[in-house]
Amino acid sequence: DWPRDLRARSLELAIQHVKIGQQVVEIQRYLLKAARKEAKVLHDKTIRDELTGLYNRRHYEDVIRREINRARRFEQRLAVVFVDFDHLKQINSVYGHRAGSAALEQMGAAIGKTVRAVDLPFRFGGDEFVILLPDTELEGALECAQRVRKHLQNSEVHLGQERFRVTASFGVAVFPDDGDSADNVLQQADDALF
């Protein structure tokens, strides 16, 4: 039989030990949450275009194959809208590269604001963009292109005292109607653009 004060001290130490254990668990949860958040930030940096915030071409290469396979498996359509920014070189020459960057940001914003939540917008190259529209027929893809065009038409780029509008050209193709592979459908959309 332990003396009363020794039992009380032992109980206090056990309680402190439990509290320390709880604190360690809370610290581990916090660190895990922070690590997950940081991993998401790093992942987003690898799949997003820094200027426009849209997905980048590297991510497009991963996504297009998956979306084509899904469309094939479920016998659905996959529409591709190819967007080519008009006159970017002219904007850069007249207003400077900051203006070109601002115009590209506006193009990214116009696309991002007008697509559905299930659509996948990408900055494909310097002044080219691609929008993948899962389970979408030609009419839906044309409507998407019109929404982006109207948004651009009703917007201005502001850079200091300068104000200007940007325009784009669009080409649309649909898998499997216009091609049986990712490359074929993209090429058809690019050809339709011209």
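See above for the structure.
Here goes a summary of the coordinates provided. Just so we're clear, the structure is a prediction, and the values are computed from it rather than from any experiment.

## Focus on the nonpolar core
Note that soluble globular proteins tend to have their nonpolar side chains buried in a common cluster.
Right, so step 1: Val81, Val83, Phe85, Met107, Ile111, Ile131 and Val166 are the most contacted members of the largest nonpolar core, which totals 31 residues.
Right, so step 2: Breaking this core down by element, the ones donating at least two residues are β2 (78-85), α3 (88-95), α4 (97-114), β4 (128-134), α5 (138-153), β5 (157-159) and β7 (168-175).
Right, so step 3: Sorting elements by how many residues they give to this core places α4 first, with seven residues.
Right, so step 4: Filtering out sequence-adjacent residues up to four positions away, Met107 remains in contact with Val83, Phe85, Phe129, Leu152, Thr167 and Ala168.
Right, so step 5: Counting residues in each nonpolar core, the second largest holds 22 residues, with Val80, Phe82, Val185 and Ala189 among its members.

## Comments concerning α3
Right, so step 1: Every buried residue belonging to α3 is among Leu88, Ile91 and Asn92, and all of these are buried. All buried residues of α3 project into a common sector of 100° when viewed along the axis, lining one side. Opposite the buried face of α3, by more than 90 degrees, sit the exposed residues Lys89, Ser93 and Val94.
Right, so step 2: Buried residues along α3 sit in contact with β2, α4 and β6 (162-164).
Right, so step 3: Where α3 terminates, the next one or two residues include Gly96, which has phi positive at roughly 100°.

## Quick look at the pattern of salt bridges
Right, so step 1: Tallied over the full model, the rule gives 11 salt bridges.
Right, so step 2: Across the salt bridge formed by Arg70 and Glu67, the nearest N and O atoms sit 2.8 Å from each other. Residue Arg70 and its partner Glu67 are both found in helix α2 (residues 57-73); the two are separated by three residues, about one turn of the helix.
Right, so step 3: Where salt bridges share partners, they join Arg66, Glu67 and Arg70 into one cluster.

## Section: the environment of Pro176
Right, so step 1: Considering the arrangement of structural elements, one finds Pro176 in the loop between β7 and α6 (182-193).
Right, so step 2: Remark: the alpha-carbon pair of Pro176 and Arg72, spanning 104 residues in sequence, is separated by 8.0 Å.
Right, so step 3: When residues no more than four places from it in sequence are discounted, the contact partners of Pro176 are Gln76 and Arg77.

## Quick look at the pairing of β2
Right, so step 1: Along β2, eight of the eight residues are buried, which leaves the element largely enclosed by surrounding structure.
Right, so step 2: The alternating pattern of β2 places Leu78, Val80, Phe82 and Asp84 on one face and Ala79, Val81, Val83 and Phe85 on the opposite face, and all of these are buried.

## Quick notes on the packing of α2 against α6
Right, so step 1: At their nearest, the axes of α2 and α6 sit 10 Å apart, and the two run at 105° to each other. The angle between the axes of α2 and α6 places the two elements in the roughly perpendicular class. Along the contact surface, α2 presents Tyr60, Ile64, Arg65 and Ile68, while α6 presents Ala182, Asp183 and Leu186.
Right, so step 2: Residues of the contact of α2 with α6, tallied by class, amount to five nonpolar, no polar and two charged.

Thresholds, definitions, all that
Residues numbered from 1 in each chain as written. Predicted model: local features only at pLDDT ≥ 70, side-chain atom pairs only at ≥ 80, totals over all residues. Heavy atoms only, no water. Core = buried A, V, L, I, M, F, W, Y, C linked by side-chain atoms within 4.5 Å. Buried < 20%, exposed > 50% of the residue type's maximum accessible area, 1.4 Å probe, protein only. Helix = DSSP H or I, 4+ residues; strand = E, 2+ residues; numbered from the N terminus. Contact = heavy atoms within 4.5 Å. Arc of directions from axis to C-beta. Salt bridge = Lys/Arg side-chain N within 4 Å of Asp/Glu carboxyl O. Axes fitted to C-alpha atoms, helices over the stretch in contact; angles between N-to-C directions. Parallel < 35°, antiparallel > 145°, perpendicular 65-115°, else oblique. Nonpolar A, V, L, I, M, F, W, Y, C, P; charged D, E, K, R; others polar.

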